[in-house]
Amino acid sequence: MPETAIAVPLERTDARSEPRWVRGLLIGFTILFLTVFIVLPLVIVFAEAFARGAHAYLAALADPEALSAIKLTLIVAVISVGLNLVFGLVAAWAIAKFEFPGKTLLISLVDLPFSVSPVISGLVFVLLFGAQGFLGPWLQDHDIQLLFALPGIALATTFVTFPFVSRALIPLMQEQGTAEEEAALSLGASGLQTFFRVTLPNIKWGLLYGVLLCNARAMGEFGAVSVVSGHIRGETNTMPLLVEILYNEYQFVSAFAIASLLALLALVTLVAKTILERHLDEGQRPSEH
């Protein structure tokens, strides 16, 4: 008997070929979700900040307590980002370029702040460096104050932010491999020359990406800093802590004025993140731009 041809419908292989109403529903839900949880809060922050006009807004930012919080936040961000820049480069270099015993443990330790609550990390520092802590008596005997001062705030912020630089560099350096470094070394370049002329140019966009995220987290950190700062007004309050204090005291214009600076930081971070991701997606070839 002759075989009968049976028409078999082709399977849909293009995910974008869903019915128009399905695509519209998904896009509409996404836009609605982003509007409610991101756009509206930003609009409310700036609306409340300028509720009494630009003069009240500028006066709130010029308040000595606000200036102290802004200054402290910037100092802590510079310290934590600088330390994490060095640590991130060293950790990423070791993990991506070498094989050694304990490598898996090192990767787990790098990711530890992602799995530990910032409040818990702050409490750990209190248990270590507090007056009744493990090292507290020794610190007091040597007149060293870590908690309720700049060192403790910087230490807590550094801890919660140190995965960002290394985690941005590790996959990038693993993908690039070691061929170029080995070629440079075989041609007589020293280790430092290889790093600055070969490795660093190849990873600079990933490095800037990690520094950007690290800085944004450092300036917006609340939990760990709240535990170790002591909330000393005009001395150990960062911008997020001051926002909470002012809001609880019903100083809404001042609270939202400080919050607007953090919101601006988030917007600037978003724009810069998009630009850096474009460079990373295009193969880290800035010379072509």
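Residues numbered from 1 in each chain as written. Predicted model: local features only at pLDDT ≥ 70, side-chain atom pairs only at ≥ 80, totals over all residues. Heavy atoms only, no water.

Caption draft 1: Highlighting unusual backbone geometry. Despite not being glycine, Asp-143 has its phi angle at roughly 55°, a positive value. Tracing the backbone through its elements, the reader meets Asp-143 in the loop between α6 (136-141) and α7 (150-161). At Phe-148, a position not held by glycine, the phi torsion is positive, near 60°. Along the polypeptide, Phe-148 turns up in the loop between α6 and α7. A residue is classified by how much of its surface remains accessible, and Phe-148, at 40% relative accessible area, is partly exposed. (Helix = DSSP H or I, 4+ residues; strand = E, 2+ residues; numbered from the N terminus. Buried < 20%, exposed > 50% of the residue type's maximum accessible area, 1.4 Å probe, protein only.)

Caption draft 2: Looking closely at the environment of Gly-152. Relative to the assigned elements, Gly-152 resides in helix α7. Assessed through its relative accessible area of 4%, Gly-152 is described here as buried. Between the C-alpha atoms of Gly-152 and Gly-122, which are 30 residues apart in sequence, the distance is 9.2 Å. Aside from chain neighbours lying at most four places away, what touches Gly-152 is Leu-146 and Val-228. (Contact = heavy atoms within 4.5 Å.)

Caption draft 3: Examining the domain arrangement of the chain more closely. Here the domain parsing of the chain yields domain 1 (1-49) and domain 2 (54-284). With five residues of domain 1 at the interface, the matching set in domain 2 holds nine residues. In total, about 620 Å² of surface goes out of reach between domain 1 and domain 2, with carbon and sulfur atoms giving 85% of it. Looking at the side of domain 1 facing domain 2, the largest losses of area belong to Val-45, Phe-46 and Ala-49, adding up to 67% of the total buried there. Our enumeration of links across domain 1 and domain 2 arrives at zero salt bridges. If you look at where domain 1 meets domain 2, you find zero residue pairs in polar contact (both at pLDDT 80 or more). For the side of domain 1 that touches domain 2, the class distribution of residues is four nonpolar, no polar and one charged. (Domains from an automatic or database assignment. Buried area = accessible area lost by both parts, 1.4 Å probe. Salt bridge = Lys/Arg side-chain N within 4 Å of Asp/Glu carboxyl O. Polar contact = N/O pair within 3.5 Å; in protein donor to acceptor, adjacent residues only side chain to side chain. Nonpolar A, V, L, I, M, F, W, Y, C, P; charged D, E, K, R; others polar.)

Caption draft 4: Expanded view of the pattern of salt bridges. What the rule picks out here adds up to six salt bridges. Glu-221 serves as the salt-bridge partner of Arg-217, at 2.9 Å between the closest nitrogen and oxygen. A residue is classified by how much of its surface remains accessible, and Arg-217, at 26% relative accessible area, is partly exposed. Members of the salt-bridge network, linked through shared partners, are Glu-65, Arg-233 and Glu-249.

Caption draft 5: Broad picture of helix α1 (residues 20-49). Between its terminal C-alpha atoms α1 stretches 41 Å, which fits the 44 Å expected from 30 residues at 1.5 Å a residue. Residue Thr-35 marks the point of greatest curvature in α1, where the axis turns by about 45°. For α1, every residue scored as buried is listed here: Val-22, Val-45 and Ala-49. Looking at the buried side of α1, the elements it contacts are α2 (54-62) and α13 (252-281). (Expected span 1.5 Å × (residues − 1). Bend = angle between axes of the 7 residues up to and from the residue.)

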